[in-house]
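Single-letter residue listing:
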Amino acid sequence: MKYWLMKSEPDEFSIDDLAACLPQSEPWQGIRNYQARNFLRDEVKTGDLVLFYHSSCKVPAVVGVAEVTSDAYNDLSAFDSQSAYFDPKSDKQKPRWVAVDIRFNQKLTRIITLAQLKADPKLADMVLVSKGARLSVQPVTEEEFNYIVAL
DNA sequence: GCCAACGTTGGC
DNA sequence: GCCAACGTTGGC
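Quick caveat: nothing in here was measured; it's all calculated off a predicted structure. (Residues numbered from 1 in each chain as written. Chains lettered and ligands numbered in written order. Predicted model: local features only at pLDDT ≥ 70, side-chain atom pairs only at ≥ 80, totals over all residues. Heavy atoms only, no water.)

Section: the protein's contact with DNA strand C
Around DNA strand C lies a shell formed by Tyr34, Gln35, Lys89, Lys131, Gly132 and Arg134. Put simply, 67% of the atoms of DNA strand C that lie within 4 Å of the protein are in sugar or phosphate. Take lysine 89: an N or O atom from its side chain is 3.3 Å from a phosphate oxygen of DNA strand C. Arginine 134 places a polar side-chain atom, nitrogen or oxygen, 2.5 Å from a base oxygen of DNA strand C. Of the residues belonging to the surface near DNA strand C, the class tally is one nonpolar, two polar and three charged. (Near = heavy atom within 4 Å. Polar contact = N/O pair within 3.5 Å; in protein donor to acceptor, adjacent residues only side chain to side chain. Nonpolar A, V, L, I, M, F, W, Y, C, P; charged D, E, K, R; others polar.)

What follows is the structure, given as structure tokens:
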């Protein structure tokens, strides 16, 4: 089993929005970055756990945990000209982008802010706090995952 | 294949 | 809203 951190803008889709989907999972689509896509396609698997992170907001923070409930599948929103995620360059014969499903697992009782993560020497190697970490899907070690959830 | 211009992300 | 740090595009 692997561990991941996924970013979402709470104005677009927050941890509460994910919780409101229960008992259903929610398609995690719209990833339009190749490095993130490669993680989704090749390494994210059913049963993996995800730190849910709020970005581009007042207090950027890890706010909850989600579980991956599908392996990667073609992201159909890339073919929908009405979708904000429409990508005219993605060929239906050779889809460029993938999505996975995730399901709400828990909210952290206390959110762990980016400032806290940066200040914690135990998390100095986290991808999130490393230079220029704009990846919207990024790997987290088991140690980092358990440590953050326990905080 | 290089690289300049442009676009995006995301913290501050 | 600013801007640093990327990523992508497209001419050559």
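Points about the packing of aromatic side chains
Tallied over the full model, the rule gives four aromatic pairs. Geometrically, the ring pair formed by tyrosine 3 and phenylalanine 145 is tilted, given 4.6 Å between the ring centres and 40° between the ring planes. Here tyrosine 3 is found in strand β1 (residues 3-8), whereas its partner phenylalanine 145 is found in helix α4 (residues 142-150), with 142 residues between them in sequence. What makes tyrosine 3 buried here is its relative accessible area of 9%. Consider the rings of tryptophan 28 and phenylalanine 52, whose centres lie 5.9 Å apart with planes at 75°: the pair is edge-to-face. Of this pair, tryptophan 28 sits in strand β2 (residues 26-28) while phenylalanine 52 sits in strand β3 (residues 49-54); the two residues are 24 residues apart in sequence, bridging distant segments of the chain. In terms of burial, tryptophan 28 and phenylalanine 52 fall into one category: buried. (Phe/Tyr/Trp six-rings, centres within 6.5 Å; stacked < 30°, edge-to-face > 60°. Helix = DSSP H or I, 4+ residues; strand = E, 2+ residues; numbered from the N terminus. Buried < 20%, exposed > 50% of the residue type's maximum accessible area, 1.4 Å probe, protein only.)

Description of the protein's contact with DNA strand B
Surrounding DNA strand B, one finds Lys7, Tyr53, Ser55, Ser56, Pro60, Leu114, Lys118 and Arg134. Each atom of DNA strand B within 4 Å of the protein belongs either to a base or to sugar and phosphate, the latter forming 76%. Between a phosphate oxygen of DNA strand B and a side-chain N or O atom of lysine 118, the distance comes to 3.0 Å. Within the side chain of arginine 134, an N or O atom sits 2.6 Å from a base oxygen of DNA strand B. Considering only residue class, the surface near DNA strand B consists of three nonpolar, two polar and three charged.

Some remarks on unusual backbone geometry
Cis geometry is found at the peptide bond from leucine 22 to proline 23, where omega equals 0°. Tracing the sequence through the fold places proline 23 in the loop between α1 (15-20) and β2. You will see that serine 56, though not glycine, has its phi angle at about 50°, which is positive. Along the chain, the position of serine 56 falls in the loop between β3 and β4 (61-68).

On their own, these measurements won't tell you what the molecule is for.
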